[in-house]
Each structure stands twice: as C-alpha cells, then as structure tokens.
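One letter stands for each residue in the lines below.
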Amino acid sequence: MKKVLLFALLFGAASLFSVACNDDDDDNDGPGTILAELNRNPNLSTLVDALEAADLDQVFNGSQQLTLFAPDNAAFAKLLTDLGFTSLSQVPVDVLTDVLLNHVVAGEVKSGSLSTGYVPSLLTYGTTTDVYVNLFVNLAGGVKINDATVTTADVDASNGVIHVINKVMLPATVVNHAVNNPDFSSLVAALTRSDLGVDYVTLLSGTGPFTVFAPNNAAFAALLTELGLTNLSQIPAATLNAVLQYHVANGNVRAENLTNGQVVTTLQTGTFTVNLTGGAKILDAKGRTSNIIATNVQGTNGVVHAIDKVLLP
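Every chain is numbered on its own, with residues counted from 1 as its sequence reads. Per-residue local features of the predicted model are confined to residues with pLDDT of at least 70, and side-chain atom pairs are confined, for both listing and counting, to 80 or more; whole-chain, interface and lining totals are unaffected and use all residues. Side-chain metrics in this entry use all non-hydrogen atoms of the structure; hydrogen atoms and water are not considered.

Chemist: If you had to explain helix H10 (residues 217–227) to someone new, which residues and values would you point to?
Modeler: Along H10, the positions that sit buried rather than exposed are Asn 217, Ala 219, Phe 220, Leu 223 and Leu 224. With its buried residues spanning 160 degrees around the axis, H10 presents them on a single face. Two residues form a contact once any of their heavy atoms are found within 4.5 Å. Here a strand is any run of E in DSSP of at least two residues, a helix any run of H or I of at least four, and the numbering for each starts at the N terminus. Against the buried residues of H10 lie helix H8 (185–191), strand S8 (210–215) and strand S14 (302–307). The first or second residue beyond H10 is Gly 228, which carries a positive phi of 70 degrees. Only protein chains enter the calculation, and the probe is 1.4 Å; a residue is then buried if its accessible area is under 20% of its type maximum, exposed if over 50%, and partly exposed in between. The arc refers to the directions leading from the helix axis to the C-beta atoms.

Listed below in structure tokens is the structure:
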C-alpha cells in the first residue's frame, strides 16, 4: 500500500515510464538519475538489489527530486547478520520497503543545506498517507542521520542527490528517537537506570502507540537544582518511576490534536493540562509550567514532543 501511495504521490505511471525508457542512457554531459548513479558505484550494489526486490528502483529513475541516504554494501551485510539472515531475499518485502523508504527525503538536500534537527522521510506512519516517520540529522562532529554516519556526501544526480552512509537505518521508535538525539541523553540515562524494576526500553519499543513528552538535558539539570540534588542516581527509584511514567500517554497524539485546556491522562495514571495560550505549554500536577519546544517527532510506534521542564506528578 505504501509503495502504491508513493508512486501516486511522486509522479504518474505514464511519466515514470517515459523517463524509465532512458534508464540505460549514459549521459556524458551530466549526472544520471539517482538509480543510474547507484548502478555506477559497485559499493552500492546491494542497495540496488534491495530497491529492485522492493520494486522501488524506478522511483529513483524519474524527474521527482529526492535525497537518498544510501547504505553501502558493508552496511547491508551487517544488517543481514544482525537480523539472522544470510541473504537479502530472506527479508520480508514489506519490511524491506519500509526500511528503504526510511532512507529517502523529498527534494534535493545537499549537505550544506542540512542542519541539526528532524526531517521527514518518505516512510508513512501506520495507515496514514500524510504523516511521515522522522530522521534526526546531527551535525556535531560530522554528519549523522539517526545512528548512521555520512561517509560520502553530495553525489549529484539529475533528479536529486545521494549521501552514502555506513549503516542501514531501521525506522525509529520513540526510544530510538530519544537515543539518537544527544539532547535527550539525561532522559535515556533515567529510563535505563538499573534499579527501577521497569524495562522502559522494551516497554516503549512495543506496538504502542505512545505519546512521549520528552524533557531535554537542560530540563533534567533544572530538576536536580530544584530538588537540591547533584545527579539522577539520588532520586529514589519509586519517585523516578512515577516521574517517567507521567511523561507518557497512550495514542499517537500529534501537536495538531492538542487542544487548549485538554486534560491528558498518563501511564502513571495522573493527569496534566495542555495550555495553548501564548504558545504550547503543559501545567503539571504541582502547578509548574513546561514549554513544548519541539513537536511531532514521529516514530513508528508513536510521537515525541520535547519539553523544557520535567513534569512532576
């Protein structure tokens, strides 16, 4: 279904066919299509095989401008090993399709135009047709996309650009989004504290969907100051469990679904109130206000909204 929607979205079948007829034409006056450029690089042959297996190869042979983050052969070899497969043909086609769409961004985005933050891939969330799973771009110390590093940037093509990466990026869950963004490292440390008795990584990697209001590192630093503590380990386990569960709600509640005065029930069973007057904010059970500073970080099993203060139940 996602593949059909993608073809319909990008271009009609007739125009795709007319462009595809020129697939094998080597234009010495300029770069070829993304597909042609992939075929010219033997280190990307497994990606070409994967695109053909998912019947997505011709998507990259048209006129629609696209940006492809292209895993090299070693990246695919590692993926197969990690998944316990010996060949690409063993990967279910629907899974392979989702993984590949997770490597594509609409439009031509050269490396000089990238900035740290989130961009939508062409992988749609669930059964939606207009909500896309996000990728996280991190420019600190190089160029990273989610957990992959760009090894060769700006391979020009007539219909976009290719950035070669060293890892196949599996579509991100809400947990992956927290791990991939270094500004959520304190949240990750809290969620993975060994004495909590709750495996939050497994819980929040489940089907969900979940809506996570994720405090950034500055929010946790401010909380420690507020509590007169110096590190997260000093917060009693029962208290930290209650606080963490107070930041998660059921459902995929995007920013456009929030309403002024909305009361949100959390996994902790407590509630907080949304205030949209003068900017999106949350009023917690202690009467403290947190600003929603980033919204709609879409994962495969829910959505993340970043906040600048830890909520207290």
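Chemist: Give me the lowdown on the sheet that holds strand S3 (residues 117–124), citing residues and values where you can.
Modeler: For two strands to pair, DSSP has to find at least two bridges joining them. Pairing is mixed in the open sheet, where 7 strands are placed in the order S2-S1-S7-S6-S5-S4-S3. Because the sheet does not close on itself, it has two edges, and the strands there are strand S2 (104–106) and S3. Across 5 bridges, strand S6 (residues 148–157) lies against strand S7 (residues 160–165) in antiparallel orientation. Residue pairing across strands places Asp 156 opposite Val 161, the latter belonging to S7.

Chemist: Account for the packing of aromatic side chains, naming residues and giving values.
Modeler: Each aromatic ring pair is specified by the distance between its two centres and by the angle formed by the two planes. Any two rings among Phe, Tyr and Trp, with Trp reduced to its six-membered ring, count as a pair given centres within 6.5 Å; such a pair is stacked if its planes are under 30 degrees apart, edge-to-face if over 60, and tilted if neither. Per the counting criterion, the structure on display carries 3 aromatic pairs. Taking 5.2 Å as the distance between ring centres and 85 degrees as the angle between the ring planes, the aromatic pair formed by Phe 213 and Phe 272 counts as edge-to-face. One end of the pair, Phe 213, is in strand S8; the other, Phe 272, is in strand S11 (residues 271–275), and 59 residues separate them in sequence. In this structure Phe 272 comes out as buried when scored by relative accessible area, which is 1%. Ring geometry for Tyr 246 against Phe 272: centres 5.8 Å apart, planes inclined by 85 degrees, an arrangement best described as edge-to-face. Note that Tyr 246 is positioned in the loop between helix H11 (237–245) and strand S9 (248–250) and Phe 272 in strand S11, a separation of 26 residues in sequence. The buried category is assigned to Tyr 246, whose relative accessible area is 0%. One aromatic cluster in this structure is built from Phe 213, Tyr 246 and Phe 272.

Chemist: Explain the sheet that holds S11 to me, using residue names and the numbers behind them.
Modeler: Spatially, the 7 strands line up as an open sheet ordered S9-S8-S14-S13-S12-S11-S10, and their pairing is mixed. Bordering the open sheet on either side are S9 and strand S10 (263–265), each of which pairs with just one other strand. The sheet shows a mean angle of 35 degrees between the axes of neighbouring strands, taken without regard to direction. Relative to S14, strand S13 (residues 289–299) runs antiparallel, the two being bridged by 5 bridges. Across the sheet, Ala 294 pairs through a bridge with Ala 306, a residue of S14. Between the N-to-C directions of two axes lies an angle of 0 to 180 degrees, each axis being a line fitted to C-alpha atoms and, for a helix, fitted only over the stretch in contact.

Chemist: For the environment of Pro 171, give the residues involved together with the corresponding values.
Modeler: Mapped onto the fold, Pro 171 is located in the loop between S7 and helix H7 (174–180). When the C-alpha atoms of Pro 171 and Val 99 are compared, they prove to be 6.2 Å apart, with 72 residues separating the residues in sequence. Setting aside residues no more than four positions away along its own chain, Pro 171 makes contact with Asp 98, Val 99, Asn 102, Leu 123, Asn 176 and Thr 300.

Chemist: Could you give an account of the pattern of salt bridges, with specific residues and numbers?
Modeler: Any Lys or Arg side-chain nitrogen located within 4 Å of an Asp or Glu carboxyl oxygen qualifies as a salt bridge. Scanning all chains against the criterion turns up 7 salt bridges. We note a salt bridge from Asp 82 to Lys 78, for which the minimum N-O separation is 2.9 Å. Linking Asp 82 with Lys 78, this pair stays in helix H5 (residues 73–83), spanning 4 residues, or about one helical turn. The class of Asp 82 is exposed, set by a relative accessible area of 51%.

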